[in-house]
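Spelled out, the chains give:
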Amino acid sequence: MADIDKKKKLVEKLRFKYRLAIFNEQTFEEVFGMRLSRLNVFFSIGVSSVLLIIFVIYLIAFTGLREYIPGYPSGLERRLIIQNSQRVDSLILEIEKRDRFFRDIRAIMSGETPEGATSEDEIKNNPVSSSKVSFKKSEEDSIFREQVEREEKFNLSAFEPGNTNFELEHRFLFTPLKGVVVNKFGESQGHYGVDIVAEEGARVSAVLDGTVIFTGWTVETGYVVQIQHSNNLISFYKHNERLLKSMGDKVQAGEAIAHVGNSGELTTGPHLHFELWYNGVAIDAEQYMSFD
(Lines give C-alpha, C1' and ligand atoms only; values in the text may rest on other atoms or scores of the structure.)
Protein backbone atom coordinates (compact mmCIF):
# COMPACT_ATOMS: atom_id res chain seq x y z
CA MET A 1 0.00 0.00 0.00
CA ALA A 2 2.86 2.33 0.83
CA ASP A 3 4.36 1.88 -2.67
CA ILE A 4 1.01 2.60 -4.32
CA ASP A 5 0.63 5.76 -2.26
CA LYS A 6 4.10 6.92 -3.25
CA LYS A 7 3.31 6.35 -6.95
CA LYS A 8 0.07 8.30 -6.64
CA LYS A 9 1.85 11.17 -4.94
CA LEU A 10 4.52 11.18 -7.67
CA VAL A 11 1.87 11.28 -10.41
CA GLU A 12 0.06 14.07 -8.60
CA LYS A 13 3.30 16.07 -8.34
CA LEU A 14 3.93 15.64 -12.08
CA ARG A 15 0.40 16.76 -12.89
CA PHE A 16 0.24 19.56 -10.33
CA LYS A 17 -0.16 22.90 -12.09
CA TYR A 18 2.19 25.82 -11.47
CA ARG A 19 1.68 29.34 -12.69
CA LEU A 20 4.51 31.11 -14.45
CA ALA A 21 3.96 34.89 -14.46
CA ILE A 22 5.99 37.88 -15.61
CA PHE A 23 5.27 41.27 -13.95
CA ASN A 24 6.23 44.82 -14.76
CA GLU A 25 8.81 45.84 -12.15
CA GLN A 26 7.45 49.35 -11.74
CA THR A 27 3.68 48.87 -11.97
CA PHE A 28 3.58 45.19 -10.88
CA GLU A 29 1.20 44.63 -13.79
CA GLU A 30 1.17 41.04 -15.08
CA VAL A 31 2.67 41.03 -18.57
CA PHE A 32 2.66 37.29 -19.28
CA GLY A 33 1.38 34.26 -17.49
CA MET A 34 0.90 30.58 -18.15
CA ARG A 35 0.09 27.44 -16.20
CA LEU A 36 2.48 24.52 -16.41
CA SER A 37 2.97 21.18 -14.78
CA ARG A 38 6.19 19.26 -14.39
CA LEU A 39 4.91 16.74 -16.95
CA ASN A 40 4.36 19.54 -19.49
CA VAL A 41 7.88 20.84 -18.91
CA PHE A 42 9.46 17.39 -19.35
CA PHE A 43 7.42 16.76 -22.51
CA SER A 44 8.32 20.14 -24.02
CA ILE A 45 12.02 19.67 -23.29
CA GLY A 46 11.97 16.14 -24.81
CA VAL A 47 10.21 17.22 -28.01
CA SER A 48 12.55 20.19 -28.41
CA SER A 49 15.60 17.96 -27.94
CA VAL A 50 14.37 15.48 -30.59
CA LEU A 51 13.65 18.28 -33.07
CA LEU A 52 17.07 19.81 -32.42
CA ILE A 53 18.81 16.46 -33.03
CA ILE A 54 16.87 15.94 -36.29
CA PHE A 55 17.77 19.43 -37.45
CA VAL A 56 21.49 18.92 -36.73
CA ILE A 57 21.49 15.55 -38.54
CA TYR A 58 19.81 17.17 -41.56
CA LEU A 59 22.46 19.91 -41.68
CA ILE A 60 25.29 17.39 -41.52
CA ALA A 61 23.81 14.94 -44.04
CA PHE A 62 22.44 17.29 -46.72
CA THR A 63 24.58 20.43 -46.58
CA GLY A 64 28.24 21.27 -47.06
CA LEU A 65 28.81 21.47 -43.31
CA ARG A 66 29.64 17.76 -43.25
CA GLU A 67 32.99 18.49 -44.94
CA TYR A 68 34.09 20.44 -41.85
CA ILE A 69 33.74 17.34 -39.65
CA PRO A 70 37.21 15.94 -38.85
CA GLY A 71 37.86 12.72 -40.77
CA TYR A 72 35.03 13.20 -43.29
CA PRO A 73 36.33 13.11 -46.91
CA SER A 74 35.84 16.12 -49.16
CA GLY A 75 33.96 16.05 -52.46
CA LEU A 76 37.18 15.72 -54.47
CA GLU A 77 38.39 12.84 -52.31
CA ARG A 78 35.07 11.01 -52.72
CA ARG A 79 35.25 11.39 -56.52
CA LEU A 80 38.80 10.04 -56.51
CA ILE A 81 37.69 7.10 -54.38
CA ILE A 82 34.93 6.27 -56.88
CA GLN A 83 37.30 6.60 -59.86
CA ASN A 84 39.91 4.38 -58.21
CA SER A 85 37.29 1.74 -57.38
CA GLN A 86 36.18 1.73 -61.03
CA ARG A 87 39.79 1.39 -62.19
CA VAL A 88 40.34 -1.50 -59.79
CA ASP A 89 37.24 -3.24 -61.19
CA SER A 90 38.56 -2.74 -64.73
CA LEU A 91 41.97 -4.12 -63.78
CA ILE A 92 40.35 -7.17 -62.18
CA LEU A 93 38.39 -7.84 -65.39
CA GLU A 94 41.53 -7.48 -67.53
CA ILE A 95 43.48 -9.82 -65.24
CA GLU A 96 40.67 -12.38 -65.45
CA LYS A 97 40.73 -12.14 -69.28
CA ARG A 98 44.52 -12.59 -69.30
CA ASP A 99 44.36 -15.58 -66.96
CA ARG A 100 41.60 -17.17 -69.05
CA PHE A 101 43.69 -16.63 -72.21
CA PHE A 102 46.75 -18.26 -70.62
CA ARG A 103 44.64 -21.19 -69.43
CA ASP A 104 43.30 -21.73 -72.93
CA ILE A 105 46.80 -21.55 -74.45
CA ARG A 106 48.10 -24.00 -71.82
CA ALA A 107 45.21 -26.36 -72.52
CA ILE A 108 45.80 -26.22 -76.29
CA MET A 109 49.54 -26.90 -75.88
CA SER A 110 48.82 -29.89 -73.61
CA GLY A 111 46.26 -31.32 -76.02
CA GLU A 112 43.22 -30.54 -73.87
CA THR A 113 39.99 -28.77 -74.79
CA PRO A 114 39.98 -25.08 -73.80
CA GLU A 115 37.34 -23.83 -71.42
CA GLY A 116 34.11 -22.99 -73.26
CA ALA A 117 35.14 -24.80 -76.47
CA THR A 118 33.02 -27.52 -78.05
CA SER A 119 34.36 -30.98 -77.19
CA GLU A 120 34.54 -33.93 -79.57
CA ASP A 121 31.78 -35.76 -77.64
CA GLU A 122 29.42 -32.81 -78.12
CA ILE A 123 30.22 -32.76 -81.83
CA LYS A 124 29.51 -36.51 -82.08
CA ASN A 125 26.27 -36.19 -80.13
CA ASN A 126 25.12 -33.24 -82.25
CA PRO A 127 26.24 -34.04 -85.80
CA VAL A 128 25.42 -31.69 -88.63
CA SER A 129 24.02 -33.41 -91.67
CA SER A 130 25.74 -32.32 -94.86
CA SER A 131 22.53 -32.93 -96.76
CA LYS A 132 20.93 -29.97 -94.97
CA VAL A 133 23.63 -27.58 -96.17
CA SER A 134 23.20 -26.19 -99.66
CA PHE A 135 25.75 -24.08 -101.54
CA LYS A 136 24.88 -21.74 -104.36
CA LYS A 137 27.43 -20.44 -106.82
CA SER A 138 26.89 -16.72 -107.29
CA GLU A 139 27.93 -14.59 -110.25
CA GLU A 140 30.14 -12.40 -108.00
CA ASP A 141 31.99 -15.52 -106.80
CA SER A 142 32.73 -16.60 -110.37
CA ILE A 143 34.08 -13.14 -111.26
CA PHE A 144 36.27 -13.12 -108.16
CA ARG A 145 37.67 -16.58 -108.92
CA GLU A 146 38.58 -15.53 -112.48
CA GLN A 147 40.31 -12.42 -111.16
CA VAL A 148 42.35 -14.41 -108.62
CA GLU A 149 43.36 -17.03 -111.17
CA ARG A 150 44.40 -14.31 -113.64
CA GLU A 151 46.57 -12.59 -111.00
CA GLU A 152 48.17 -15.88 -109.94
CA LYS A 153 49.47 -16.43 -113.45
CA PHE A 154 51.72 -13.38 -113.09
CA ASN A 155 52.57 -13.94 -109.41
CA LEU A 156 56.33 -14.37 -108.85
CA SER A 157 57.13 -16.55 -105.83
CA ALA A 158 60.48 -17.19 -104.18
CA PHE A 159 59.41 -20.75 -103.47
CA GLU A 160 59.66 -23.61 -105.92
CA PRO A 161 56.37 -25.39 -106.68
CA GLY A 162 55.84 -28.19 -104.20
CA ASN A 163 58.34 -26.79 -101.69
CA THR A 164 56.55 -26.73 -98.34
CA ASN A 165 59.56 -25.82 -96.17
CA PHE A 166 59.15 -22.43 -94.48
CA GLU A 167 62.12 -20.08 -94.71
CA LEU A 168 61.66 -16.68 -93.08
CA GLU A 169 64.38 -15.14 -95.24
CA HIS A 170 62.31 -15.85 -98.36
CA ARG A 171 59.11 -14.30 -97.02
CA PHE A 172 58.16 -10.69 -97.62
CA LEU A 173 57.21 -9.10 -94.29
CA PHE A 174 55.15 -5.94 -94.43
CA THR A 175 56.64 -3.16 -92.28
CA PRO A 176 54.24 -2.54 -89.37
CA LEU A 177 55.26 1.11 -88.93
CA LYS A 178 57.62 3.60 -90.56
CA GLY A 179 59.66 5.50 -87.99
CA VAL A 180 62.90 5.72 -86.05
CA VAL A 181 64.17 2.68 -84.13
CA VAL A 182 65.26 3.98 -80.71
CA ASN A 183 65.66 0.69 -78.89
CA LYS A 184 66.99 -2.33 -80.75
CA PHE A 185 66.51 -6.03 -80.15
CA GLY A 186 68.52 -7.31 -77.20
CA GLU A 187 67.67 -10.73 -75.87
CA SER A 188 70.43 -10.54 -73.26
CA GLN A 189 68.86 -7.41 -71.76
CA GLY A 190 65.37 -8.93 -71.84
CA HIS A 191 64.24 -6.69 -74.70
CA TYR A 192 62.70 -9.11 -77.19
CA GLY A 193 61.60 -6.56 -79.76
CA VAL A 194 62.29 -3.19 -81.35
CA ASP A 195 60.86 0.19 -80.34
CA ILE A 196 59.82 2.41 -83.26
CA VAL A 197 59.04 6.06 -82.53
CA ALA A 198 56.34 7.66 -84.70
CA GLU A 199 53.63 10.26 -84.52
CA GLU A 200 50.85 9.44 -82.08
CA GLY A 201 47.86 7.97 -83.89
CA ALA A 202 49.93 6.67 -86.81
CA ARG A 203 48.73 3.49 -88.51
CA VAL A 204 50.05 0.10 -87.31
CA SER A 205 49.84 -2.67 -89.93
CA ALA A 206 50.00 -6.46 -89.82
CA VAL A 207 53.26 -7.92 -91.14
CA LEU A 208 51.66 -11.06 -92.64
CA ASP A 209 48.31 -12.71 -93.11
CA GLY A 210 47.07 -14.31 -89.92
CA THR A 211 44.51 -14.55 -87.14
CA VAL A 212 44.25 -12.22 -84.15
CA ILE A 213 44.63 -14.42 -81.06
CA PHE A 214 44.77 -11.68 -78.42
CA THR A 215 43.63 -8.09 -78.05
CA GLY A 216 43.52 -6.35 -74.71
CA TRP A 217 45.11 -4.05 -72.18
CA THR A 218 47.92 -4.83 -69.76
CA VAL A 219 49.36 -2.66 -67.01
CA GLU A 220 52.92 -2.61 -68.40
CA THR A 221 52.40 -2.66 -72.18
CA GLY A 222 48.99 -0.95 -72.55
CA TYR A 223 46.85 -1.95 -75.53
CA VAL A 224 48.30 -5.04 -77.23
CA VAL A 225 47.56 -6.98 -80.43
CA GLN A 226 48.90 -10.49 -80.98
CA ILE A 227 48.62 -12.20 -84.38
CA GLN A 228 49.23 -15.88 -85.17
CA HIS A 229 50.71 -16.41 -88.65
CA SER A 230 51.42 -19.64 -90.48
CA ASN A 231 54.42 -21.85 -89.68
CA ASN A 232 54.54 -21.00 -85.93
CA LEU A 233 55.24 -17.29 -86.49
CA ILE A 234 53.68 -14.82 -84.00
CA SER A 235 53.86 -11.01 -84.05
CA PHE A 236 53.22 -8.63 -81.12
CA TYR A 237 52.23 -4.95 -81.31
CA LYS A 238 52.31 -3.12 -77.95
CA HIS A 239 51.70 0.36 -76.40
CA ASN A 240 48.93 1.18 -78.90
CA GLU A 241 46.51 4.07 -78.51
CA ARG A 242 43.51 2.28 -80.03
CA LEU A 243 42.85 -1.24 -81.31
CA LEU A 244 41.04 -1.84 -84.60
CA LYS A 245 40.73 -5.63 -84.41
CA SER A 246 39.20 -8.18 -82.04
CA MET A 247 40.13 -11.72 -81.09
CA GLY A 248 39.39 -14.17 -83.89
CA ASP A 249 39.55 -11.61 -86.72
CA LYS A 250 41.36 -12.60 -89.92
CA VAL A 251 43.87 -10.00 -91.10
CA GLN A 252 45.92 -9.58 -94.24
CA ALA A 253 49.46 -8.29 -94.66
CA GLY A 254 49.49 -4.49 -94.55
CA GLU A 255 46.01 -4.23 -93.03
CA ALA A 256 45.58 -1.61 -90.28
CA ILE A 257 45.19 -3.22 -86.86
CA ALA A 258 45.88 -0.36 -84.39
CA HIS A 259 47.08 3.22 -83.88
CA VAL A 260 50.37 4.24 -82.29
CA GLY A 261 49.99 5.36 -78.70
CA ASN A 262 51.64 5.83 -75.33
CA SER A 263 49.70 3.34 -73.20
CA GLY A 264 51.11 1.24 -70.38
CA GLU A 265 53.63 1.89 -67.62
CA LEU A 266 56.73 0.79 -69.60
CA THR A 267 56.64 3.71 -72.05
CA THR A 268 58.12 7.19 -72.22
CA GLY A 269 56.39 8.50 -75.34
CA PRO A 270 54.38 7.53 -78.43
CA HIS A 271 56.00 4.47 -80.00
CA LEU A 272 55.37 0.88 -81.10
CA HIS A 273 57.06 -2.07 -79.40
CA PHE A 274 57.15 -4.79 -82.09
CA GLU A 275 58.16 -8.41 -81.50
CA LEU A 276 58.53 -11.44 -83.79
CA TRP A 277 58.56 -14.99 -82.37
CA TYR A 278 59.37 -18.01 -84.52
CA ASN A 279 58.93 -21.51 -83.06
CA GLY A 280 58.79 -20.01 -79.57
CA VAL A 281 62.04 -18.03 -79.97
CA ALA A 282 62.25 -14.23 -80.23
CA ILE A 283 64.00 -13.01 -83.40
CA ASP A 284 65.37 -9.62 -84.45
CA ALA A 285 62.80 -8.04 -86.77
CA GLU A 286 65.38 -5.63 -88.26
CA GLN A 287 67.04 -8.58 -89.99
CA TYR A 288 63.91 -9.14 -92.10
CA MET A 289 62.46 -5.66 -92.64
CA SER A 290 63.37 -1.97 -92.69
CA PHE A 291 61.56 0.58 -90.51
CA ASP A 292 63.02 3.71 -92.17
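In this text the structure is predicted, and so the values were computed from the model without any measurement.

Draft legend 1. Seen up close, the layout of surface pockets. Estimated volume of the largest pocket: approximately 1000 Å³. Lining the largest pocket are 37 residues, and of these Phe101, Phe102, Gln226, Phe236 and Lys238 sit closest to its centre. Within the residue set of the lining of the largest pocket, elements represented by two or more residues are α3 (75–109), β6 (210–218), β7 (222–228), β8 (233–243) and β11 (271–278). With nine residues, the single largest contributor to the lining of the largest pocket is α3. When its residues are assigned to classes, the lining of the largest pocket shows 19 nonpolar, 12 polar and six charged.

Draft legend 2. Quick peek at the side chain of Gln226. Checked against the element boundaries, Gln226 lands in strand β7. Judged by relative accessible area, Gln226 falls into the buried class, the value being 10%. The contact partners of Gln226, leaving out residues within four places of it in the chain, are Phe101, Thr211, Val212, Ile213, Phe214, Ile234, Ser235 and Phe236.

Draft legend 3. Highlighting the pattern of salt bridges. The tally for this structure, following the rule as stated, stands at five salt bridges. A salt bridge links Arg19 to Glu30; the nearest nitrogen and oxygen atoms lie 2.6 Å apart. Here Arg19 is found in strand β1 (residues 17–23), whereas its partner Glu30 is found in strand β2 (residues 30–37), with 11 residues between them in sequence. Of the residues examined, Arg19 reaches a relative accessible area of 53% and is grouped as exposed. Here Glu30 falls in the partly exposed class, since its relative accessible area comes to 35%. Of the charged contacts, one joins Lys245 and Glu255 as a salt bridge, the two residues approaching to 2.5 Å between their closest N and O atoms. In this pair, Lys245 is assigned in the loop between β8 and β9 (250–251) and Glu255 in the loop between β9 and β10 (256–260), connecting sequence segments 10 residues apart. Using a relative accessible area of 25% as the deciding quantity, one classes Glu255 as partly exposed.

Draft legend 4. Highlighting the confidence of the model for the protein. When pLDDT is averaged along the protein, the result is 81; 82% of the residues meet or exceed 70. Confidence scores differ between elements of the protein, with helix α4 (residues 120–125) showing the lowest mean pLDDT of 58 and β10 the highest of 96. Note on residues 153–165: pLDDT is under 50 here. Beyond four places in sequence and across chains, it has five contacts.

Draft legend 5. Quick peek at a nonpolar patch on the surface. Residues Leu20, Ile22, Val31, Phe32 and Met34 make up a contiguous nonpolar surface patch of about 450 Å² in total accessible area. For the nonpolar patch, the secondary-structure elements that each account for two or more residues are β1 and β2. In terms of residues, the nonpolar patch owes the most to one element, β2, which gives three residues. Here Met34 lies in strand β2.

Draft legend 6. Expanded view of the environment of Pro176. Its place among the elements puts Pro176 in the loop between α5 (139–153) and β3 (180–183). Those residues in contact with Pro176 that lie beyond four places of it in its chain are Arg203, Val204, Ser205, Val207, Tyr237, Leu272, Phe274, Met289 and Phe291.

Draft legend 7. Main features of the pairing of strand β4 (residues 194–197). Sheet topology places β3 next to β4; three bridges connect them, and they run antiparallel. Bridge pairing in β4 places Val181 opposite Ile196. With four bridges connecting them, β4 and β11 associate as antiparallel partners. Directly across from Asp195, in β11, lies its bridge partner His273.

Conventions and cut-offs
- Residues numbered from 1 in each chain as written.
- Predicted model: local features only at pLDDT ≥ 70, side-chain atom pairs only at ≥ 80, totals over all residues.
- Heavy atoms only, no water.
- 1 Å grid on protein atoms, 1.4 Å probe; cavity = no way out; pocket = protein on both sides within 12 Å on 5 of 7 lines; lining within 4 Å.
- Points joined across faces, edges and corners; volume = space filled by probe spheres on them.
- Helix = DSSP H or I, 4+ residues; strand = E, 2+ residues; numbered from the N terminus.
- Nonpolar A, V, L, I, M, F, W, Y, C, P; charged D, E, K, R; others polar.
- Buried < 20%, exposed > 50% of the residue type's maximum accessible area, 1.4 Å probe, protein only.
- Contact = heavy atoms within 4.5 Å.
- Salt bridge = Lys/Arg side-chain N within 4 Å of Asp/Glu carboxyl O.
- pLDDT = per-residue confidence, 0-100.
- Patch = residues over 30% accessible without salt bridge, like charges linked within 9 Å, V, L, I, M, F, W, Y side chains within 5 Å.
- Areas by Shrake-Rupley, 256 points an atom, 1.4 Å probe, with all protein chains shown as cover.
- Pairing = 2+ DSSP bridges.

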